[in-house]
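For reference, the chains in residue letters:
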Amino acid sequence: MEIWTVSNQKGGVGKTTTVVSLAGLLAQGGKRVLMVDMDPHGSLSCYFGLSPDDGYPSVYDLFERFHLKQPLSPENLLHQTSLGCLHLLPSTTALVTIEKKMGLKDGMGRVLQLALGEMKDKYDYVLVDTPPLLGVLLINALAASDKVLIPVQTEFLAMKGLERMMNTVHMLTRSLGKEVDYTIVPTMYDRRTHASTESLRLLRQQYEGTIWPAMIPIDTKFRDASQAGVTPSQFMPSARGVRAYRTLLKHLTIGSLSVSKQAV
Ligand SMILES: Nc1ncnc2c1ncn2[C@@H]1O[C@H](COP(=O)(O)OP(=O)(O)O)[C@@H](O)[C@H]1O
Ligand SMILES: [Mg+2]
């Protein structure tokens, strides 16, 4: 099982879209995939028809039960999506209280890692969606991950936040004592605008080696797919945004194959 976290401290950069798109493509390719919604806003859970204000079983229960020293199996929390082998561990708005109520003491930074460990034979891939802030939830996601994807909108303001984000992630993973493989993913690229072409050029210059060499274009089909509650590749397999995520997936999985070969 491989665990990928999609993260950026900025909102609206395409984190949730990246999770749904890659998870959908993996599941359609025959992989067993779990998506985990660690964002109290619950956009990913909304995507699949849930209302995060409702009290359904969610990631919150994992934390609460761990805190009460009565750990719960994550299997009791799963939600079926529009694809057979694509499941969701949803979030609820209660997740926002975890920081205050439970904090990071007593192993609370590794709740997700332990829970996913229990399911390592059930899934090939786990994709974790995170909130746009630094805290217990992001720490849990990073502690569990093999790979971190950082979507960055191709515009100047988003680039400013990226350096801060990279520093935070480096600091956290160092304190967790682990090596994480990062990939910056340029998103919402509009080749007609100077802001997009110029910021992409600068991103490539500054993050050579860490940045995925292609980009995800602006594509209105992502919004349409989210309204329909199905993954973008189910909604329109030939959409250019879907084709771009397919290329990204190839890059990420071929990358991991060559790393494991080197390890052997
Ligand atoms: N490549 C894209 N082209 C056009 N719209 C996009 C693209 N990626 C995401 N969106 C839309 O932008 C909005 C924010 O994206 P989202 O993935 O929710 O960002 P985040 O999770 O970082 O807040 C959503 O309405 C989504 O449908
Ligand atoms: Mg989101």
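To be clear, the structure that these remarks concern was listed above.
Residues numbered from 1 in each chain as written. Chains lettered and ligands numbered in written order. Predicted model: local features only at pLDDT ≥ 70, side-chain atom pairs only at ≥ 80, totals over all residues. Heavy atoms only, no water.

Student: I'd like to hear about the pattern of salt bridges, residue by residue, with values.
Tutor: Inspection of every chain in the model, using the stated rule, returns five salt bridges. Across the pair Arg32 and Asp124 runs a salt bridge, and its minimum N-O distance is 3.0 Å. Of the two residues, Arg32 is situated in the loop between α1 (15-28) and β2 (33-37) and Asp124 in the loop between α5 (111-117) and β5 (125-129); the sequence distance between them amounts to 92 residues. Arg32 gets classed as partly exposed once you look at its relative accessible area, which sits at 34%. On the accessibility criterion, Asp124 (26% relative accessible area) is partly exposed. Note that Glu75 is salt-bridged to Lys122, the shortest N-O span being 2.7 Å. Of this pair, Glu75 sits in the loop between α3 (59-67) and β3 (79-80) while Lys122 sits in the loop between α5 and β5; the two residues are 47 residues apart in sequence, bridging distant segments of the chain. For Glu75, a relative accessible area of 41% translates into the label partly exposed. (Salt bridge = Lys/Arg side-chain N within 4 Å of Asp/Glu carboxyl O. Helix = DSSP H or I, 4+ residues; strand = E, 2+ residues; numbered from the N terminus. Buried < 20%, exposed > 50% of the residue type's maximum accessible area, 1.4 Å probe, protein only.)

Student: An account of the site of ligand 1 is needed here, citing residue identities and associated values.
Tutor: In the neighbourhood of ligand 1, 14 residues make up the surrounding shell, with Gly12, Thr16, Thr17, Pro217 and Asp219 lying closest. At a separation of 3.0 Å, an oxygen atom of ligand 1 approaches a polar backbone atom of Val13. Residue Thr16 places a main-chain N or O atom 2.9 Å away from an oxygen atom belonging to ligand 1. Protein contact buries 81% of the 560 Å² of open area that ligand 1 shows by itself. It is α1 that provides the largest number of residues to the shell around ligand 1, a total of three residues. For the shell around ligand 1, a count of residues per class yields six nonpolar, five polar and three charged. (Near = heavy atom within 4 Å. Polar contact = N/O pair within 3.5 Å; in protein donor to acceptor, adjacent residues only side chain to side chain. Areas by Shrake-Rupley, 256 points an atom, 1.4 Å probe, with all protein chains shown as cover. Nonpolar A, V, L, I, M, F, W, Y, C, P; charged D, E, K, R; others polar.)

These results come straight from atomic positions and should not be treated as a statement about function.
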